[in-house]
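Observations on the model geometry
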Amino acid sequence: MEYVIDTFFALFAFVLIIFMVPGFAMLEAGLVRTKNVTAVLMMNTMIYVVGSMAFLLLGYKVAFGGFGSDSMSQWAAFLFQMAFVGKVVNIMSGGISERAKVVPMVLFTILMSAIIYPIVVNWNWGSDMLSGTILDLNMYDLAGSTVIHSTGGWALLAAILVIGNRRGRYKNGKVKVIPASNIPLVALGAFLLWIGWFGFNGGSVGAIASKESANAVALTVMNTNTAGLAGAIIVGIIGYIQYKKLDITMVLNGALGGLVAITAGADLFDIYTPILIGAIGGILVVLFVPFFDKLKLDDPVGALSVHLVNGIWGTLAVGIFSDKSFMAQLKGVVVVGVFAFVVSFIVIYIINKILPIAADEEEQLEGLDSVECGMESYPEFTRTI
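Residues numbered from 1 in each chain as written. Predicted model: local features only at pLDDT ≥ 70, side-chain atom pairs only at ≥ 80, totals over all residues. Heavy atoms only, no water.

1. Details of a negative patch on the surface
Here is the rule: Each patch is built from residues lacking any salt bridge and having more than 30% relative accessible area; the joining distance is 9 Å for like charges and 5 Å for nonpolar side chains (Val, Leu, Ile, Met, Phe, Trp, Tyr). Computed by Shrake-Rupley with a 1.4 Å probe, the accessible areas treat only the displayed protein chains as cover when residues are assessed. Basic side-chain nitrogens of Lys or Arg form a salt bridge, by our definition, when they fall within 4 Å of a carboxyl oxygen of Asp or Glu. In this count, Lys and Arg are taken as positive residues and Asp and Glu as negative ones, while His and the chain termini are left out. Taken as the charge location is NZ of Lys, CZ of Arg, CG of Asp or CD of Glu. Secondary structure elements are taken from DSSP: a helix is a run of H or I of four residues or more, a strand is a run of E of two residues or more, and numbering for both begins at the N terminus. When accessible area is computed with a 1.4 Å probe and restricted to protein chains, residues below 20% of their type maximum are described as buried, those above 50% as exposed, and intermediate ones as partly exposed.
A surface patch of negative charge is lined by D360, E361, E362 and E366. Here E366 is to be found in helix α13 (residues 361-366). Assessed through its relative accessible area of 40%, E366 is described here as partly exposed.

See below:
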(Lines give C-alpha, C1' and ligand atoms only; values in the text may rest on other atoms or scores of the structure.)
Protein backbone atom coordinates (compact mmCIF):
# COMPACT_ATOMS: atom_id res chain seq x y z
CA MET A 1 0.00 0.00 0.00
CA GLU A 2 2.84 2.42 0.81
CA TYR A 3 4.25 1.83 -2.69
CA VAL A 4 0.92 2.79 -4.26
CA ILE A 5 0.39 5.84 -2.04
CA ASP A 6 3.92 7.16 -2.57
CA THR A 7 3.61 6.61 -6.32
CA PHE A 8 0.37 8.58 -6.40
CA PHE A 9 1.99 11.28 -4.26
CA ALA A 10 4.91 11.62 -6.70
CA LEU A 11 2.51 11.86 -9.63
CA PHE A 12 0.41 14.46 -7.83
CA ALA A 13 3.51 16.51 -7.02
CA PHE A 14 4.57 16.20 -10.67
CA VAL A 15 1.26 17.68 -11.80
CA LEU A 16 1.58 20.58 -9.34
CA ILE A 17 5.10 21.34 -10.57
CA ILE A 18 3.91 21.29 -14.19
CA PHE A 19 1.57 24.14 -13.24
CA MET A 20 4.78 26.18 -13.05
CA VAL A 21 5.14 25.88 -16.85
CA PRO A 22 2.15 28.18 -17.47
CA GLY A 23 3.21 30.05 -14.35
CA PHE A 24 6.52 31.13 -15.87
CA ALA A 25 4.84 31.70 -19.24
CA MET A 26 2.11 33.99 -17.87
CA LEU A 27 4.47 35.87 -15.55
CA GLU A 28 6.91 36.60 -18.36
CA ALA A 29 4.16 37.34 -20.91
CA GLY A 30 2.74 39.95 -18.56
CA LEU A 31 6.06 41.61 -17.82
CA VAL A 32 7.28 42.03 -21.42
CA ARG A 33 5.91 44.43 -24.04
CA THR A 34 2.98 43.32 -26.17
CA LYS A 35 5.16 42.97 -29.27
CA ASN A 36 7.16 40.17 -27.61
CA VAL A 37 4.44 38.10 -25.90
CA THR A 38 4.05 35.36 -28.53
CA ALA A 39 7.82 34.86 -28.62
CA VAL A 40 7.89 34.48 -24.83
CA LEU A 41 5.11 31.90 -24.96
CA MET A 42 6.87 30.00 -27.74
CA MET A 43 10.13 30.06 -25.75
CA ASN A 44 8.44 28.63 -22.67
CA THR A 45 6.68 25.96 -24.72
CA MET A 46 9.89 24.85 -26.39
CA ILE A 47 11.77 24.78 -23.10
CA TYR A 48 9.23 22.37 -21.64
CA VAL A 49 8.93 20.02 -24.60
CA VAL A 50 12.59 19.98 -25.68
CA GLY A 51 14.04 20.05 -22.17
CA SER A 52 11.81 17.19 -21.02
CA MET A 53 12.73 15.07 -24.03
CA ALA A 54 16.47 15.73 -23.55
CA PHE A 55 16.18 14.72 -19.90
CA LEU A 56 14.32 11.54 -20.84
CA LEU A 57 16.87 10.52 -23.47
CA LEU A 58 20.07 11.39 -21.59
CA GLY A 59 19.80 13.75 -18.63
CA TYR A 60 18.15 11.36 -16.17
CA LYS A 61 20.85 8.77 -16.74
CA VAL A 62 23.58 11.36 -16.20
CA ALA A 63 21.93 12.46 -12.95
CA PHE A 64 20.90 9.14 -11.44
CA GLY A 65 22.64 6.46 -13.45
CA GLY A 66 19.40 5.09 -14.89
CA PHE A 67 15.82 4.27 -14.01
CA GLY A 68 15.00 2.58 -10.72
CA SER A 69 13.17 3.09 -7.42
CA ASP A 70 12.24 0.75 -4.58
CA SER A 71 9.81 3.03 -2.76
CA MET A 72 7.55 3.94 -5.71
CA SER A 73 7.11 3.35 -9.43
CA GLN A 74 10.32 4.16 -11.25
CA TRP A 75 8.25 5.98 -13.87
CA ALA A 76 6.71 8.22 -11.21
CA ALA A 77 10.18 8.93 -9.82
CA PHE A 78 11.35 9.92 -13.29
CA LEU A 79 8.37 12.18 -13.99
CA PHE A 80 8.87 13.99 -10.70
CA GLN A 81 12.52 14.72 -11.55
CA MET A 82 11.65 15.63 -15.14
CA ALA A 83 9.24 18.29 -13.89
CA PHE A 84 12.18 20.22 -12.44
CA VAL A 85 14.26 20.39 -15.60
CA GLY A 86 12.57 23.15 -17.56
CA LYS A 87 12.49 25.45 -14.52
CA VAL A 88 16.26 25.91 -14.72
CA VAL A 89 16.05 27.22 -18.28
CA ASN A 90 12.81 29.14 -17.57
CA ILE A 91 14.74 31.20 -15.02
CA MET A 92 17.30 32.07 -17.67
CA SER A 93 14.90 32.66 -20.56
CA GLY A 94 12.78 35.11 -18.57
CA GLY A 95 15.82 37.20 -17.74
CA ILE A 96 16.82 37.59 -21.39
CA SER A 97 13.30 38.19 -22.69
CA GLU A 98 12.69 40.68 -25.50
CA ARG A 99 16.05 40.11 -27.19
CA ALA A 100 16.71 36.34 -27.22
CA LYS A 101 15.81 34.27 -30.27
CA VAL A 102 14.01 30.96 -29.91
CA VAL A 103 16.15 28.54 -31.94
CA PRO A 104 19.52 29.29 -30.26
CA MET A 105 17.80 29.03 -26.89
CA VAL A 106 16.42 25.64 -27.86
CA LEU A 107 20.00 24.49 -28.48
CA PHE A 108 21.02 25.71 -25.05
CA THR A 109 17.96 24.03 -23.51
CA ILE A 110 19.09 20.68 -24.93
CA LEU A 111 22.57 21.00 -23.46
CA MET A 112 21.34 22.32 -20.10
CA SER A 113 18.70 19.58 -19.76
CA ALA A 114 20.84 16.70 -21.01
CA ILE A 115 24.22 17.53 -19.45
CA ILE A 116 24.76 20.69 -17.38
CA TYR A 117 21.82 20.52 -14.97
CA PRO A 118 21.97 16.69 -14.64
CA ILE A 119 25.62 16.95 -13.56
CA VAL A 120 24.63 19.36 -10.78
CA VAL A 121 21.83 16.96 -9.78
CA ASN A 122 24.30 14.07 -9.83
CA TRP A 123 26.53 15.84 -7.32
CA ASN A 124 23.72 16.59 -4.89
CA TRP A 125 20.78 14.19 -5.31
CA GLY A 126 22.03 11.55 -7.71
CA SER A 127 24.77 8.95 -8.04
CA ASP A 128 27.42 11.51 -6.94
CA MET A 129 30.41 11.30 -9.26
CA LEU A 130 32.32 13.60 -6.87
CA SER A 131 32.16 11.11 -4.00
CA GLY A 132 35.55 10.62 -2.38
CA THR A 133 37.09 13.69 -4.02
CA ILE A 134 37.96 17.04 -2.50
CA LEU A 135 34.91 18.52 -4.23
CA ASP A 136 32.48 16.01 -2.71
CA LEU A 137 29.42 18.01 -1.64
CA ASN A 138 27.60 17.53 1.65
CA MET A 139 25.27 20.44 1.00
CA TYR A 140 21.65 20.03 2.12
CA ASP A 141 19.30 21.29 -0.56
CA LEU A 142 15.85 19.75 -0.24
CA ALA A 143 14.28 20.98 -3.48
CA GLY A 144 16.90 23.07 -5.21
CA SER A 145 17.60 26.57 -3.90
CA THR A 146 21.06 26.00 -5.36
CA VAL A 147 20.61 22.94 -7.58
CA ILE A 148 17.76 24.53 -9.55
CA HIS A 149 17.36 28.23 -8.78
CA SER A 150 20.98 29.29 -8.47
CA THR A 151 22.00 27.10 -11.39
CA GLY A 152 19.42 28.86 -13.55
CA GLY A 153 20.49 32.22 -12.14
CA TRP A 154 24.16 31.66 -12.92
CA ALA A 155 23.24 30.60 -16.46
CA LEU A 156 21.19 33.79 -16.79
CA LEU A 157 24.09 35.95 -15.63
CA ALA A 158 26.33 34.27 -18.21
CA ALA A 159 23.72 34.84 -20.93
CA ILE A 160 23.33 38.54 -20.13
CA LEU A 161 27.09 39.04 -20.24
CA VAL A 162 27.31 37.31 -23.63
CA ILE A 163 24.30 38.74 -25.48
CA GLY A 164 23.91 42.14 -23.83
CA ASN A 165 20.90 44.26 -22.96
CA ARG A 166 17.68 45.27 -24.65
CA ARG A 167 17.75 48.13 -27.12
CA GLY A 168 17.76 51.48 -25.32
CA ARG A 169 17.50 50.04 -21.80
CA TYR A 170 20.50 51.99 -20.53
CA LYS A 171 21.12 55.30 -22.23
CA ASN A 172 22.98 58.45 -21.16
CA GLY A 173 23.57 57.01 -17.72
CA LYS A 174 19.86 56.46 -17.08
CA VAL A 175 17.68 53.38 -16.84
CA LYS A 176 14.76 53.43 -19.25
CA VAL A 177 11.67 52.16 -17.45
CA ILE A 178 9.81 49.56 -19.52
CA PRO A 179 6.49 48.90 -17.79
CA ALA A 180 4.72 45.54 -17.68
CA SER A 181 2.15 45.11 -20.43
CA ASN A 182 -0.40 42.94 -18.63
CA ILE A 183 -0.60 43.00 -14.83
CA PRO A 184 -3.38 40.36 -14.59
CA LEU A 185 -1.11 37.88 -16.41
CA VAL A 186 1.73 38.72 -14.01
CA ALA A 187 -0.52 37.97 -11.02
CA LEU A 188 -1.86 34.78 -12.61
CA GLY A 189 1.65 33.55 -13.39
CA ALA A 190 2.98 34.31 -9.92
CA PHE A 191 0.14 32.46 -8.21
CA LEU A 192 0.50 29.46 -10.54
CA LEU A 193 4.16 29.36 -9.54
CA TRP A 194 3.18 29.63 -5.88
CA ILE A 195 0.79 26.68 -6.20
CA GLY A 196 3.41 24.69 -8.07
CA TRP A 197 5.88 25.28 -5.25
CA PHE A 198 3.82 23.07 -2.94
CA GLY A 199 4.57 20.13 -5.22
CA PHE A 200 8.11 21.38 -5.76
CA ASN A 201 9.03 21.35 -2.07
CA GLY A 202 6.43 19.00 -0.63
CA GLY A 203 7.11 16.35 -3.24
CA SER A 204 10.84 16.52 -2.54
CA VAL A 205 10.24 14.95 0.88
CA GLY A 206 9.92 11.79 -1.20
CA ALA A 207 7.17 9.89 0.60
CA ILE A 208 3.85 10.44 2.34
CA ALA A 209 2.54 6.96 3.21
CA SER A 210 3.68 6.88 6.86
CA LYS A 211 2.63 9.16 9.70
CA GLU A 212 6.13 10.62 9.97
CA SER A 213 6.48 11.31 6.26
CA ALA A 214 2.95 12.77 6.04
CA ASN A 215 3.79 15.18 8.86
CA ALA A 216 7.06 16.09 7.12
CA VAL A 217 5.22 16.86 3.88
CA ALA A 218 2.63 18.97 5.69
CA LEU A 219 5.30 20.94 7.57
CA THR A 220 7.27 21.46 4.35
CA VAL A 221 4.24 22.81 2.49
CA MET A 222 3.27 25.02 5.44
CA ASN A 223 6.77 26.48 5.72
CA THR A 224 6.90 27.02 1.98
CA ASN A 225 3.71 29.02 2.03
CA THR A 226 4.78 31.00 5.11
CA ALA A 227 8.03 32.13 3.47
CA GLY A 228 6.12 33.33 0.40
CA LEU A 229 3.71 35.27 2.60
CA ALA A 230 6.56 36.91 4.51
CA GLY A 231 8.40 37.88 1.32
CA ALA A 232 5.30 39.52 -0.14
CA ILE A 233 4.39 41.36 3.08
CA ILE A 234 7.84 42.85 3.69
CA VAL A 235 8.18 44.08 0.10
CA GLY A 236 4.74 45.67 0.28
CA ILE A 237 5.68 47.44 3.51
CA ILE A 238 9.01 48.69 2.16
CA GLY A 239 7.43 49.92 -1.08
CA TYR A 240 4.69 51.80 0.74
CA ILE A 241 7.14 53.43 3.14
CA GLN A 242 9.40 54.51 0.27
CA TYR A 243 6.86 55.60 -2.34
CA LYS A 244 3.42 55.55 -0.69
CA LYS A 245 2.51 53.11 -3.46
CA LEU A 246 1.98 49.36 -3.63
CA ASP A 247 3.79 47.85 -6.64
CA ILE A 248 2.11 44.51 -7.38
CA THR A 249 5.01 43.28 -9.54
CA MET A 250 7.50 43.85 -6.72
CA VAL A 251 5.19 42.37 -4.08
CA LEU A 252 4.80 39.21 -6.16
CA ASN A 253 8.53 39.03 -6.80
CA GLY A 254 9.01 39.38 -3.06
CA ALA A 255 6.77 36.35 -2.57
CA LEU A 256 8.75 34.40 -5.18
CA GLY A 257 12.00 35.43 -3.50
CA GLY A 258 10.72 34.06 -0.20
CA LEU A 259 9.66 30.83 -1.90
CA VAL A 260 13.09 30.38 -3.48
CA ALA A 261 14.80 31.06 -0.17
CA ILE A 262 12.84 28.41 1.76
CA THR A 263 13.29 25.75 -0.91
CA ALA A 264 16.60 24.44 0.44
CA GLY A 265 15.36 23.60 3.93
CA ALA A 266 11.58 23.85 4.17
CA ASP A 267 11.47 20.48 5.96
CA LEU A 268 14.05 21.43 8.60
CA PHE A 269 12.61 24.49 10.33
CA ASP A 270 9.94 25.18 12.90
CA ILE A 271 6.87 27.12 11.75
CA TYR A 272 8.31 30.55 12.62
CA THR A 273 11.81 30.51 11.10
CA PRO A 274 10.40 30.65 7.53
CA ILE A 275 8.94 34.07 8.37
CA LEU A 276 12.46 35.42 8.87
CA ILE A 277 13.95 33.54 5.92
CA GLY A 278 11.15 34.65 3.59
CA ALA A 279 11.25 38.25 4.81
CA ILE A 280 14.98 38.46 4.21
CA GLY A 281 14.34 36.97 0.77
CA GLY A 282 11.89 39.76 0.01
CA ILE A 283 14.32 42.41 1.25
CA LEU A 284 17.03 40.98 -1.00
CA VAL A 285 14.71 41.34 -4.01
CA VAL A 286 14.15 45.01 -3.14
CA LEU A 287 17.89 45.61 -2.79
CA PHE A 288 19.15 43.66 -5.78
CA VAL A 289 16.70 44.68 -8.51
CA PRO A 290 18.13 48.25 -8.59
CA PHE A 291 21.63 46.92 -7.88
CA PHE A 292 21.66 44.86 -11.07
CA ASP A 293 20.33 47.86 -12.99
CA LYS A 294 23.25 49.90 -11.68
CA LEU A 295 25.55 47.23 -13.07
CA LYS A 296 23.65 47.49 -16.38
CA LEU A 297 22.56 43.86 -16.24
CA ASP A 298 19.20 43.93 -18.00
CA ASP A 299 16.78 41.47 -16.41
CA PRO A 300 13.15 42.18 -17.42
CA VAL A 301 11.58 39.85 -14.86
CA GLY A 302 13.92 40.24 -11.88
CA ALA A 303 15.12 36.64 -12.13
CA LEU A 304 18.66 37.37 -10.93
CA SER A 305 17.32 38.87 -7.71
CA VAL A 306 14.61 36.26 -7.15
CA HIS A 307 16.43 33.08 -8.17
CA LEU A 308 20.20 33.64 -8.06
CA VAL A 309 20.44 35.83 -4.96
CA ASN A 310 17.74 34.03 -3.01
CA GLY A 311 18.95 30.63 -4.12
CA ILE A 312 22.26 31.49 -2.47
CA TRP A 313 20.58 32.98 0.60
CA GLY A 314 18.24 30.02 1.08
CA THR A 315 21.08 27.51 0.88
CA LEU A 316 23.18 29.42 3.40
CA ALA A 317 20.13 29.88 5.66
CA VAL A 318 20.06 26.10 6.15
CA GLY A 319 23.53 26.35 7.69
CA ILE A 320 22.44 29.25 9.91
CA PHE A 321 19.05 28.06 11.18
CA SER A 322 19.51 24.27 11.34
CA ASP A 323 22.10 21.77 12.51
CA LYS A 324 23.55 21.45 9.00
CA SER A 325 27.13 22.65 8.47
CA PHE A 326 27.34 26.25 7.24
CA MET A 327 30.69 25.56 5.58
CA ALA A 328 29.22 22.58 3.71
CA GLN A 329 26.40 24.81 2.49
CA LEU A 330 28.86 27.52 1.44
CA LYS A 331 31.07 24.99 -0.35
CA GLY A 332 28.06 23.72 -2.29
CA VAL A 333 27.05 27.23 -3.31
CA VAL A 334 30.57 28.00 -4.55
CA VAL A 335 31.21 24.71 -6.38
CA VAL A 336 27.84 24.68 -8.12
CA GLY A 337 28.08 28.40 -8.87
CA VAL A 338 31.50 28.18 -10.48
CA PHE A 339 30.53 25.14 -12.53
CA ALA A 340 27.15 26.48 -13.65
CA PHE A 341 28.45 29.93 -14.57
CA VAL A 342 31.64 28.87 -16.34
CA VAL A 343 30.11 26.02 -18.33
CA SER A 344 27.01 28.04 -19.23
CA PHE A 345 29.14 30.98 -20.32
CA ILE A 346 31.27 28.78 -22.58
CA VAL A 347 28.25 27.02 -24.11
CA ILE A 348 26.31 30.26 -24.65
CA TYR A 349 29.36 31.98 -26.11
CA ILE A 350 29.88 29.15 -28.62
CA ILE A 351 26.20 29.00 -29.58
CA ASN A 352 26.14 32.77 -29.98
CA LYS A 353 29.11 32.63 -32.37
CA ILE A 354 27.46 29.95 -34.50
CA LEU A 355 23.87 31.15 -34.31
CA PRO A 356 23.47 34.63 -32.76
CA ILE A 357 21.16 34.53 -29.75
CA ALA A 358 20.37 38.23 -29.53
CA ALA A 359 18.03 39.91 -31.98
CA ASP A 360 19.53 43.02 -33.59
CA GLU A 361 18.20 46.48 -32.79
CA GLU A 362 15.91 46.59 -35.82
CA GLU A 363 14.38 43.24 -34.90
CA GLN A 364 13.92 44.34 -31.31
CA LEU A 365 12.23 47.51 -32.48
CA GLU A 366 9.81 45.53 -34.65
CA GLY A 367 9.21 42.97 -31.91
CA LEU A 368 10.10 39.30 -31.71
CA ASP A 369 6.50 38.21 -32.21
CA SER A 370 6.67 39.17 -35.88
CA VAL A 371 10.34 38.35 -36.39
CA GLU A 372 10.39 34.96 -34.65
CA CYS A 373 6.82 33.69 -34.80
CA GLY A 374 5.05 35.54 -37.62
CA MET A 375 2.10 36.37 -35.40
CA GLU A 376 1.34 38.79 -32.59
CA SER A 377 -0.57 38.21 -29.37
CA TYR A 378 -2.19 41.65 -29.65
CA PRO A 379 -2.37 42.42 -33.39
CA GLU A 380 -4.94 45.18 -32.90
CA PHE A 381 -2.66 47.23 -30.64
CA THR A 382 -0.76 50.24 -31.97
CA ARG A 383 2.81 50.11 -30.69
CA THR A 384 4.74 53.17 -29.61
CA ILE A 385 7.98 51.52 -28.39
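2. Description of helix α2 (residues 20-31)
Our working definition: Take the residue count of a helix, subtract one, and multiply by 1.5 Å to get its expected span. We call two residues in contact when some of their heavy atoms are within 4.5 Å.
For α2, with twelve residues, the first-to-last C-alpha span of 16 Å sits near the 16 Å given by 1.5 Å per residue. Residues M20, V21, G23, F24, A25, M26, L27, E28, A29, G30 and L31 constitute the buried set of α2. If you follow the buried residues of α2, they end up packed against α1 (2-18), α3 (37-64), α4 (74-95), α7 (183-202), α9 (248-262) and α11 (303-321).

3. A closer look at the environment of D267
Put simply, the rule reads: N or O atoms closer than or at 3.5 Å make up a polar contact, with two conditions inside protein: a donor-capable atom paired with an acceptor-capable one, and, for residues adjacent in sequence, both atoms drawn from side chains.
With respect to the secondary-structure elements, D267 resides in the loop between α9 and α10 (273-294). Residue classification places D267 among the partly exposed positions, given a relative accessible area of 22%. Here the alpha-carbon distance between D267 and P179, two residues 88 residues apart in the chain, equals 37 Å. For D267, the contacting residues outside a window of four places in its chain are Y140, L142, L219 and T220. A polar contact of 2.4 Å, which involves the side chain of D267, links it to the side chain of Y140.

4. As for the pattern of salt bridges
Between side chains of opposite charge, a pair can form as their charged atoms come close. Taken as a whole, this structure holds six salt bridges when the rule is applied. Ionic pairing is found between D293 and R169, a salt bridge with its closest N-O pair at 3.2 Å. Here R169 lies in the loop between α6 (145-163) and β1 (170-171) and D293 lies in helix α10, a separation of 124 residues in the sequence. Taking the shortest distance from any N to any O, the salt bridge between D298 and R169 comes out at 3.3 Å.

5. Details of the packing of α1 against α2
Axis angle and axis distance: for two packed helices, these are the angle between their axes and the distance between the axes, and together they describe the pair. Quick reminder of the rule: Helix axes use the C-alpha atoms of the stretch in contact, all axes being lines fitted to C-alpha atoms, and the angles between their N-to-C directions lie in the range 0 to 180 degrees. With respect to orientation, any angle under 35 degrees is reported as roughly parallel, any angle over 145 as roughly antiparallel, any angle of 65 to 115 as roughly perpendicular, and every other angle as oblique. Residues are grouped as follows: Ala, Val, Leu, Ile, Met, Phe, Trp, Tyr, Cys and Pro are nonpolar; Asp, Glu, Lys and Arg are charged; all remaining types, including Gly, are polar.
Packing of α1 against α2 brings their axes to within 5 Å, and their N-to-C directions diverge by 10°. Between α1 and α2, the angle is such that the two are roughly parallel. From α1, L16, I17 and I18 reach across to α2, where they touch M20, V21 and P22. When its residues are assigned to classes, the contact of α1 with α2 shows six nonpolar, no polar and no charged.

6. A few points about the environment of I351
With respect to the element layout, I351 can be found in helix α12 (residues 326-354). Those residues within four positions of I351 in sequence are excluded, and the remaining contacts are P104, L107, F108, L111, P356 and I357.

7. Observations regarding the packing of aromatic side chains
Quick reminder of the rule: To pair, rings of Phe, Tyr and Trp, with the six-membered ring standing in for Trp, must have centres within 6.5 Å; the planes then decide the type, stacked if under 30 degrees apart, edge-to-face if over 60, and tilted in the middle.
If you walk through the whole model with that rule in mind, you get 20 aromatic pairs. Taken together, a centroid distance of 5.0 Å and an interplanar angle of 40° make the contact between Y60 and F64 tilted. Of this pair, Y60 and F64 are both found in helix α3, four residues apart, which corresponds to roughly one turn of the helix. Accessibility expressed as a relative area gives 4% for Y60, which makes it buried. Between the aromatic rings of F84 and W125, the centroid separation amounts to 6.1 Å while the plane-to-plane angle is 50°, which identifies the pairing as tilted. Separated by 41 residues along the polypeptide, F84 in helix α4 and W125 in the loop between α5 (102-124) and α6 bring together distant segments of the chain. We classify W125 as partly exposed; its relative accessible area is 22%. Each member of the aromatic cluster is reached from another via a ring pair, and the members are F55, Y60, F64, F67, W75 and F78.

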